[in-house]
Amino acid sequence: MTRPGHLHLNAFLMGVGHHEAAWRLPESDPYAAADVEHYKNLARIAERGKLDSLFLADGPVLWDQVERRPSGVLEPTVLLTALAGATERIGLIATASTTYNEPYNLARRFASLDVVSGGRAGWNIVTTAGLDAARNFNLDHLPAHRERYERAAEFVDVSLKLWDSWDDEAVIADKERGIWGDGGKIYPPAYEGSYYRVAGALNVPRTPQGHPLLVQAGSSENGRNFAARYAEAVFTAHQTLADAQEFYDDLKRRAAEHGRDPDGVKILPGIVPLIGATEAEARELDAELNRLIRPEFALPGLAELLGVDLAELRLDEELPAHLPEEDEIEGAKSRRTLVVNLGRRERLTVRQIIARLGGGRGHLTFAGTPAQVADALLHWYDAGAADGFNIMPPVLPSSLERFVDEVVPILQERDRFRTEYTGRTLREHYGLPRPANRNTADRSPVVLP
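Since we're looking at a predicted model, the values are computed, not measured.

> So what exactly am I meant to see when it comes to the overall build of the chain here?
Of the regular secondary structure elements, the chain holds 14 helices and 13 strands. A compact globule built from 449 residues would reach a C-alpha radius of gyration of about 22 Å, and the chain, at 22 Å, matches this within 12%. Considering the chain as a whole, with its 449 residues, one finds that 55% of them fall into the buried category. Long-range contacts, defined here as pairs at least 24 residues apart, represent 77% of the contacts in the chain between residues at least 6 apart. Of the roughly 19500 Å² of accessible surface on the chain, 50% is carried by carbon and sulfur atoms. Put simply, the chain has 51 plus and 66 minus side-chain charges, and the middle of one group is 2 Å from the middle of the other.

> Looking at this structure, how should I read unusual backbone geometry?
Apart from glycine, the bulk of residues carry a negative phi angle, and the bulk of peptide bonds sit in the trans form. In this structure, P397 follows L396 across a cis peptide bond, with omega equal to 10 degrees. Relative to the helices and strands, P397 resides in the loop between β13 (388-391) and α13 (398-413). The backbone phi angle of K50 is positive, close to 60 degrees, even though this residue is not glycine. Residue position: K50 is located in the loop between α1 (36-48) and β2 (53-56).

> Quick question: what am I supposed to make of the packing of helix α12 (residues 370-382) against α13 here?
Helices that pack against each other are described as a pair by the angle of their axes relative to one another and the distance between those axes. Packing of α12 against α13 brings their axes to within 9 Å, and their N-to-C directions diverge by 55 degrees. As far as their axial angle goes, α13 and α12 are oblique. Crossing hand, α12 versus α13: right-handed. Judged by residue contacts, P370, A371, V373, A374, L377 and L378 of α12 engage F403, E406, V407, I410 and L411 from α13. When its residues are assigned to classes, the contact of α12 with α13 shows 10 nonpolar, no polar and one charged.

> Can you help me understand the pairing of strand β4 (residues 121-126) in this one?
Put simply, side chains in a regular strand alternate between the two faces of the sheet. For β4, the tally of buried residues reaches six of six residues, placing the bulk of the element in the interior. Side chains of β4 alternate between two faces, with A121, W123 and I125 and G122, N124 and V126 buried alike. Note: strand β3 (residues 91-97) against β4, six bridges, orientation parallel. Directly across from L92, in β4, lies its bridge partner A121. Note that the unit made of β3, helix α3 (residues 103-117) and β4 has a crossover that is right-handed. In this structure, β4 lies alongside strand β9 (residues 213-216), joined through four bridges in parallel fashion.

Reading the values: rules and limits
- Residues numbered from 1 in each chain as written.
- Predicted model: local features only at pLDDT ≥ 70, side-chain atom pairs only at ≥ 80, totals over all residues.
- Heavy atoms only, no water.
- Helix = DSSP H or I, 4+ residues; strand = E, 2+ residues; numbered from the N terminus.
- Rg over C-alpha atoms; globule rule 2.2 N^0.38 Å.
- Buried < 20%, exposed > 50% of the residue type's maximum accessible area, 1.4 Å probe, protein only.
- Contact = heavy atoms within 4.5 Å.
- Areas by Shrake-Rupley, 256 points an atom, 1.4 Å probe, with all protein chains shown as cover.
- Lys, Arg positive; Asp, Glu negative; His and termini not counted.
- Charge placed at Lys NZ, Arg CZ, Asp CG, Glu CD.
- Axes fitted to C-alpha atoms, helices over the stretch in contact; angles between N-to-C directions.
- Parallel < 35°, antiparallel > 145°, perpendicular 65-115°, else oblique.
- Left-handed = near helix turned anticlockwise from the far one by under 90°.
- Nonpolar A, V, L, I, M, F, W, Y, C, P; charged D, E, K, R; others polar.
- Pairing = 2+ DSSP bridges.
- Right-handed = clockwise from strand over helix to strand, strands pointing away.

The quantities given are spatial measurements derived from coordinates; they are silent on function.
Laid out in structure tokens, this is it:
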């Protein structure tokens, strides 16, 4: 049965492509990951396709071994500020960690991006797994999974108070009376919690969107509860339709239990589309990329994800029979469970798992013609497994160009995706209202001189 409405499509941009071997293709520029002009070109391609948004991942740590793939990553809010000037409508979503930032600084950066872009900013909220990141911030151990989410909840609560610390009408700019702003419409958070103390109002006025779109990407039990409470869009990873449907139904139910409109939470599974003129051509691209993987470089990361010693993994054998339980893992719980289930379900060797993860790190990889890719997206959408998709091009810019120029027109012809932008803000693209200011006037205002 055809489901009413249009898909939401986000372009997840990563260096020269999501496949770890994409940089080795003759067409790829191995230096492009740190080239702002490369990203400007990608942003313009995505906007040409009328996609809702583009997204940059991030982490406060050097990704992978530098031998394995391009590892330099520009700070995303800085990069998106440059992309805001190169585009007009497409949304701009950046990842930032609640574990290794402070609310005031981060709220200010995202408020500034929202103002600079005219209301197109989004924040992908992450808690950051991995001991290497912890060691970059004066810590000898990774904070516990539950603690990271408790800290994240308080971080977001403080950020919302900061974004609402200016009334929309706080600036009156009365030249004749010599009064620029109304001090009675400034609301300092005066917040004291378990992790943060923040006294004063933000030094950026309330933004075009009220506050940036809140995005979340964790699928563990803690992650689902967090998303149900805060997220307006959820990036998620699933290998099967049934798993995606379970997650979709569960998260919508949890959102309703928090008193939220489930339709106000957009679920966007990731998909790595390998597109060819024929299905055989698409599968050959997949095979070519997988042939270029150096599996020995992937082993340490897989061992860390699984919570086992490197010596326990043998490339041409299946996963060890005994692995730590999910509740024993303090890292990326949901991604680890996905990988274990994939290996067990399909009886894959470690080498085969590495190949399957090479393109999307656990996200669904689909090889086919433009029509087959469009059919796959609509099948999941109509089956109640997604509100749209996080498109993860395996090779950039070519895979993004093929998706925009060959898949998007099919979706448009079937009236399943927009042909023009109808709004200017990211919230308008996602069909979400501008949030009202949560503050009331019953607190002591700042009196401006």
